[in-house]
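Letter by letter, the chains look like this.
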Amino acid sequence: KIAIVGPTGVGKSTIVNLSMRFYDPTSGSIKIDGIDIRDVTQNDLRSKIGLVLQDNHLFYGSVLENISSLNEEILEKDAKTAAMIVQADEFITKLPLGYYNELTDGGNNISFGERQLIFFARALVINPEILILDEATSSVDPYTENLIQKGLTKLLENRTALIIAHRLSTIKSADKIIVLRGGKIVEEGDHSSLYTSNGLYREMYELQEFISNL
């Protein structure tokens with residue numbers, strides 16, 4: 001698990017966009033297992049990556065269809081298993097029609113936190129080798145965030161994870177934390193080493209702790 005943190009506008013989401021090949025770098029390269037991602041098709045690359053953003057989109061259709069993204073190769077039982085792993089099953093089964101409950105375009109007939117849980121299930125159901133989370137829990141309520149954190153342990157098992165984090169408390173267990181400032185890496189290490197180094201990471205962490213305790 002590699003977390004990327006830093007002030008707003010430092011380039012965290014740009015790393016996600018480049019990694020997904022939403023656009024290609026003008027210099028340098030991005031490699032996975034030594035292979036330049038420009039040497040594989042976008043479809044092949046994205047089939048290996050599960051992506052959850054802060055602001056995703058649900059389309060008009062059932063919960064089940066939204067989890068599977070209308071991919072007929074995804075079985076209903078696999079979609080339901082994914083939902084259970086990420087703790088989405090709890091609220092889905094309480095809907096009038098459960099997994100067959102219709103969602104409006106944008107999913108505005110369920111809460112923001114519930115939408116995020118569906119996105120986590122959508123990311124998991126393709127069984128990705130790499131999972132990218134771009135501030136995926138930054139706007140959810142504490143209850144939903146707790147549900148997501150429970151599911152993340154299973155979700156990240158045996159996977160490479162790139163986590164763009166706003167709440168530093170959510171990435172304390174990351175194997176490596178990369179701190180960006182001015183478009184450059186200024187610190188890297190685990191939570192303990194960065195906290196004791198008295199650098200930018202500790203400054204950001206203590207500021208967030210102070211604000212949360214107000």
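Preceding this section is the structure that the text describes.
Fair warning: this is a prediction, and the values are worked out from it, not measured in the lab. (Residues numbered from 1 in each chain as written. Predicted model: local features only at pLDDT ≥ 70, side-chain atom pairs only at ≥ 80, totals over all residues. Heavy atoms only, no water.)

(A) Geometry of the nonpolar core. Ile67, Phe120, Ile171, Ile177 and Tyr201 are the most contacted members of the largest nonpolar core, which has 49 residues in total. Take this core: its biggest share by element is eight residues, from helix H6 (residues 112–125). Of all hydrophobic cores here, the second largest spans 13 residues; its members include Ile4, Val10, Ile49 and Ile132. (Core = buried A, V, L, I, M, F, W, Y, C linked by side-chain atoms within 4.5 Å. Buried < 20%, exposed > 50% of the residue type's maximum accessible area, 1.4 Å probe, protein only. Helix = DSSP H or I, 4+ residues; strand = E, 2+ residues; numbered from the N terminus.)

(B) Structural detail: the packing of aromatic side chains. Taken as a whole and assessed by the stated rule, the structure comprises two aromatic pairs. Relative to tyrosine 205, the ring of tyrosine 195 has its centre 5.8 Å away and its plane inclined at 85°; by these criteria the two rings are edge-to-face. With tyrosine 195 in helix H8 (residues 191–196) and tyrosine 205 in helix H9 (residues 200–212), this residue pair connects regions lying 10 residues apart in the sequence. The class for tyrosine 195 is partly exposed, based on a relative accessible area of 26%. Ring geometry for tyrosine 201 against tyrosine 205: centres 6.1 Å apart, planes inclined by 25°, an arrangement best described as stacked. One end of the pair is tyrosine 201 and the other is tyrosine 205, both in helix H9 and four residues apart, which spans about a single turn. There is no split in this pair, since tyrosine 201 and tyrosine 205 are both buried. Pairwise contacts between aromatic rings join Tyr195, Tyr201 and Tyr205 into one cluster. Above the ring of tyrosine 195, the side-chain terminus of arginine 202 is found at 4.3 Å from the ring centroid. (Phe/Tyr/Trp six-rings, centres within 6.5 Å; stacked < 30°, edge-to-face > 60°. Lys NZ or Arg CZ within 6 Å of the ring centre and 35° of its normal.)

(C) Region of interest: the sheet that holds strand E9 (residues 176–181). The six strands lie next to each other as E4-E7-E8-E1-E9-E10, forming an open sheet whose pairing is mixed. Of all strands in the sheet, those bounded by a partner on one side alone are strand E4 (49–53) and strand E10 (184–189). Direction aside, the axes of adjacent strands within the sheet are offset by 15° on average. With three bridges joining them, strand E1 (residues 2–5) and strand E8 (residues 160–164) adopt parallel strand pairing. Bridge pairing links isoleucine 4 to isoleucine 164 in E8. Against the sheet, H9 contacts E1, E9 and E10, and its axis sits at roughly 95° relative to E9. (Pairing = 2+ DSSP bridges. Axes fitted to C-alpha atoms, helices over the stretch in contact; angles between N-to-C directions. Contact = heavy atoms within 4.5 Å.)

(D) Focus on unusual backbone geometry. For arginine 21, which is not glycine, the phi torsion reads 60° and is therefore positive. Note on placement: arginine 21 falls in the loop between helix H1 (12–19) and strand E2 (31–32). In the Ramachandran plot, aspartate 33 falls in the positive-phi region, its phi being about 55° despite a non-glycine side chain. Here aspartate 33 shows up in the loop between E2 and strand E3 (35–36). Taking relative accessible area as the criterion, aspartate 33 reaches 77% and is therefore assigned exposed.

(E) View of the side chain of asparagine 66. Mapped onto the elements, asparagine 66 comes out in helix H3 (residues 63–68). Relative accessible area serves as the criterion here: at 0%, asparagine 66 is assigned to the buried category.

(F) Representation of the side chain of aspartate 134. Structurally, aspartate 134 is set in strand E7 (residues 130–134). Buried charge aspartate 134 goes without a salt bridge, the closest partner of opposite sign being lysine 12 at 7.4 Å. A distance of 3.0 Å separates a polar atom in the side chain of aspartate 134 from a polar atom in the side chain of serine 13. Those residues in contact with aspartate 134, other than ones at most four positions away along the chain, are Ser13, Val16, Val52, Leu53, Gln54 and Ile164. (Lys, Arg positive; Asp, Glu negative; His and termini not counted. Salt bridge = Lys/Arg side-chain N within 4 Å of Asp/Glu carboxyl O. Polar contact = N/O pair within 3.5 Å; in protein donor to acceptor, adjacent residues only side chain to side chain.)

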